[in-house]
There are 2 protein chains.
Amino acid sequence: MKRNTWQREAVREALDGTGGFISAQALHSALHASGSPIGLATVYRALGDLASTGEADSLQSPDGEALYRACSTTGHHHHLICRNCGLTVEIAADEVEAWAKRVAGEHGFTGAAHVVDVFGLCADCTAAQRGADERRADATANGSSSSHPA
Amino acid sequence: MKRNTWQREAVREALDGTGGFISAQALHSALHASGSPIGLATVYRALGDLASTGEADSLQSPDGEALYRACSTTGHHHHLICRNCGLTVEIAADEVEAWAKRVAGEHGFTGAAHVVDVFGLCADCTAAQRGADERRADATANGSSSSHPA
DNA sequence: ACTGATGTTGACAATCATTATCAATAGACC
DNA sequence: GGTCTATTGATAATGATTGTCAACATCAGT
Ligand SMILES: [Mn+2]
Ligand SMILES: [Mn+2]
Ligand SMILES: [Zn+2]
Ligand SMILES: [Zn+2]
């Protein structure tokens with residue numbers, strides 16, 4: 001059966017004490033910094049377990065790193081994530097749930113799951129960046145710095 | 001300035017000739033198999049360029065691989081992807097666009113982008129799997145094989 | 001509390017996708 | 001054709017994640 005170890009508890013607590021999403025590597029560093037001798041492989045295993053039981057959410061960062069976050073809401077939900085500071089807001093999305101189910105069905109798909117995450121700049125980071133932008137409003141004549149999300 | 005090379009064209013065509021999403025590695029293999037001596041690094045570069053100009057969509061597979069697909073629709077859109085055969089349907093989602101914008105605004109977020117993809121089993125793969133399931137309906141007493149998407 | 005079976009750990013090696021190097025090559029323009 | 005330089009590609013380097021396996025710790029049974 002599944003045994004209780006201080007390692008798993010340490011990971012759970014460290015994750016709880018983290019505001020937004022964090023990588024396995026970063027969480028391991030944080031644990032080490034706070035004096036814990038936990039192994040890296042164990043952190044990976046613990047995070048994987050938490051994610052598979054629904055106690056944590058996981059998502060794939062744009063550069064291919066797996067990120068984890070303690071899940072406060074028990075049910076199914078999605079995230080609004082600050083791409084600068086990592087602040088994460090959990091959001092319900094009934095409309096989107098219905099939409100996903102419907103569009104899958106319309107195309108004959110079964111066992112539909114979905115990935116729905118919104119990225120942006122939180123209010124604080126927006127304010128901070130606005131200041132920086134004004135400070136260098138001269139060099140760049142080309143204003144297009146946008147990306148091409150799908 | 002940007003130069004035209006047969007390599008970039010080869011990648012574009014290979015991607016066009018692919019039904020669903022494909023990884024850089026797989027596309028490189030496919031090109032080699034068809035006799036092209038193109039280098040792996042070049043495939044990575046070409047795909048990155050296509051994605052950054054919006055000519056291709058990219059998404060991060062659950063196991064952290066970057067997948068690319070030639071984009072038929074020019075505008076913003078999303079995907080319905082068969083997790084078994086890779087068949088991909090491009091879908092417009094005005095509801096979701098509005099929802100994402102609204103929820104971001106409600107929380108003070110700016111510069112909102114979003115990731116919205118639906119995964120499932122396409123009609124064909126569903127039929128194929130149904131056959132396989134019936135053939136082994138005895139060993140497994142535990143029927144829960146579901147995951148915990150966020 | 002002791003003990004045995006076995007789930008768990010962690011140092012380390014192994015994978016594997018992706019990126020960085022950098023000398024050789026080949027477009028674009030004259 | 002000649003020059004300039006963006007591009008290529010073989011290869012090494014990076015970095016996250018997983019596999020290995022002997023040592024260890026948990027816990028049900030006693
Ligand atoms: Mn969550
Ligand atoms: Mn697309
Ligand atoms: Zn922020
Ligand atoms: Zn399919």
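What counts and what doesn't
Residues numbered from 1 in each chain as written. Chains lettered and ligands numbered in written order. Predicted model: local features only at pLDDT ≥ 70, side-chain atom pairs only at ≥ 80, totals over all residues. Heavy atoms only, no water. UniProt positions renumbered as here; feature names shortened; annotations may be inferred. Helix = DSSP H or I, 4+ residues; strand = E, 2+ residues; numbered from the N terminus. Buried < 20%, exposed > 50% of the residue type's maximum accessible area, 1.4 Å probe, protein only. Contact = heavy atoms within 4.5 Å. Core = buried A, V, L, I, M, F, W, Y, C linked by side-chain atoms within 4.5 Å. Buried area = accessible area lost by both parts, 1.4 Å probe. Salt bridge = Lys/Arg side-chain N within 4 Å of Asp/Glu carboxyl O. Polar contact = N/O pair within 3.5 Å; in protein donor to acceptor, adjacent residues only side chain to side chain. Nonpolar A, V, L, I, M, F, W, Y, C, P; charged D, E, K, R; others polar. Pairing = 2+ DSSP bridges. Near = heavy atom within 4 Å. Donors = N, O, S within 2.8 Å, 3.2 Å for Na, K, Ca; no water. Axes fitted to C-alpha atoms, helices over the stretch in contact; angles between N-to-C directions.

Named according to an unreviewed UniProt entry, chain A is Transcriptional repressor originating from Agromyces tardus. Under the UniProt heading Subunit (unreviewed entry), the entry covering chain A gives this text: "Homodimer." Check the Subcellular location (unreviewed entry) section of the UniProt entry for chain A; it says "Cytoplasm".

Residue and element names in this part refer to chain B. Relative to the helices and strands, S36 is located in the loop between α2 (24–33) and α3 (40–53). When its relative accessible area of 14% is taken as the criterion, S36 is described as buried. If sequence neighbours within four positions are ignored, S36 has contacts with W6 and L31.

Of all hydrophobic cores here, the largest spans 32 residues; its most connected members are W99 of chain A together with W99 of chain B. Of all the secondary-structure elements, those providing two or more residues to this core are β4 (78–82), β5 (88–91), α4 (94–106) and β6 (110–121) of chain A together with β4 (78–82), β5 (88–91), α4 (94–106) and β6 (110–121) of chain B. Residues within four places of W99 of chain A in sequence aside, it is in contact with I91, A92, A93, E95, V96, V116 and V118 of chain B. In terms of nonpolar packing, the next biggest core, distinct from the first, is built from 17 residues, L15, I22, L47 and A70 of chain A among them.

The interface of chain A with chain B comprises 51 residues on the first partner and 51 residues on the second. A combined buried area of about 3800 Å² lies between chain A and chain B, and 63% of that area is made up of carbon and sulfur atoms. Applying the counting criterion to the chain A and chain B interface returns two salt bridges. Note that R102 of chain A is salt-bridged to E95 of chain B, the shortest N-O span being 2.5 Å. Taken together, the links from chain A to chain B amount to ten residue pairs in polar contact (both at pLDDT 80 or more). Of all the elements in the fold, those that place two or more residues in the side of chain A that touches chain B are α3 (40–53), β2 (56–60), β4, β5, α4, β6 and α5 (123–135) of chain A. Looking at the side of chain A that touches chain B, the element that brings in the most residues is β6 of chain A, giving twelve residues. Of the residues belonging to the side of chain A that touches chain B, the class tally is 27 nonpolar, 18 polar and six charged. Two strands pair when backbone bridges link them, and β6 of chain A and β6 of chain B are joined in this way by nine bridges, in the antiparallel orientation. When the sheet's bridge partners are listed, A113 of chain A is paired in β6 of chain B with F119 of chain B.

Bringing the protein's contact with DNA strand D into the picture now. Lining the immediate environment of DNA strand D, one finds 16 residues, of which R3, Y44 and A66 of chain A together with T42 and R45 of chain B sit closest. Counted by atom, the contact set of DNA strand D within 4 Å of the protein is 67% sugar and phosphate. Between a base oxygen of DNA strand D and a side-chain N or O atom of R3 of chain A, the distance comes to 2.8 Å. Contacts to DNA strand D include T5 of chain B, whose side-chain N or O atom sits 2.8 Å from a phosphate oxygen. Listed by contribution, the elements that provide at least two residues to the surface near DNA strand D are α1 (6–16) and α3 of chain B.

The next subject is the UniProt feature "binding site: Zn(2+)" (unreviewed entry) in chain A. All names here are of chain A. Look at the UniProt record and you will see "binding site: Zn(2+)" (unreviewed entry) annotated at C82, C85, C122 and C125. The largest pairwise C-alpha distance within this set of annotated residues, which runs over 44 residues, is 8.1 Å, so the set is compact in three dimensions. Tracing the backbone shows C85 in the loop between β4 and β5. Apart from the residues within four sequence positions on either side, C85 is in contact with C122 and C125. If we skip the residues at most four places from it in the chain, C125 touches C82, N84 and C85.

A few words now on the coordination of the manganese ion (ligand 2). Any two of four tetrahedral donors ideally make an angle of 109.5 degrees at the metal, while pairs among six octahedral donors ideally make 90 or 180 degrees. Residues and elements named next belong to chain B. Coordination of the manganese ion (ligand 2) by the protein comes from D57 (OD), H77 (NE2), H79 (NE2) and E90 (OE), over a distance range of 1.7 to 2.3 Å. Coordination of the manganese ion (ligand 2) draws on donor residues from a single chain, spaced D-x19-H-x1-H-x10-E in sequence. On the criterion of sequence distance, the pair formed by D57 in strand β2 (residues 56–60) and H77 in the loop between β3 (66–70) and β4 is long-range, its members being 20 residues apart. According to the relative accessible area criterion, D57 is buried, its value standing at 4%.

The subject of this paragraph is the sheet that holds β4 of chain B. Across a sheet, paired strands are connected by hydrogen bonds in the backbone, their directions being either parallel or antiparallel. The six strands are arranged β5(A)-β4(A)-β6(A)-β6(B)-β4(B)-β5(B) in an open sheet whose pairing can be described as mixed. The sheet is open, and its two borders are formed by β5 of chain A together with β5 of chain B, each paired with just one other strand. Taking each pair of neighbouring strands and ignoring which way they run, the sheet shows an average axis angle of 20°. The strands touched by α4 of chain A are β4 and β6 of chain A together with β4, β5 and β6 of chain B; relative to β6 of chain B, the strand with the most contacts, the crossing angle is about 40°. Across the face of the sheet, α4 of chain B comes into contact with β4, β5 and β6 of chain A together with β4 and β6 of chain B while running at roughly 40° to β6 of chain A.

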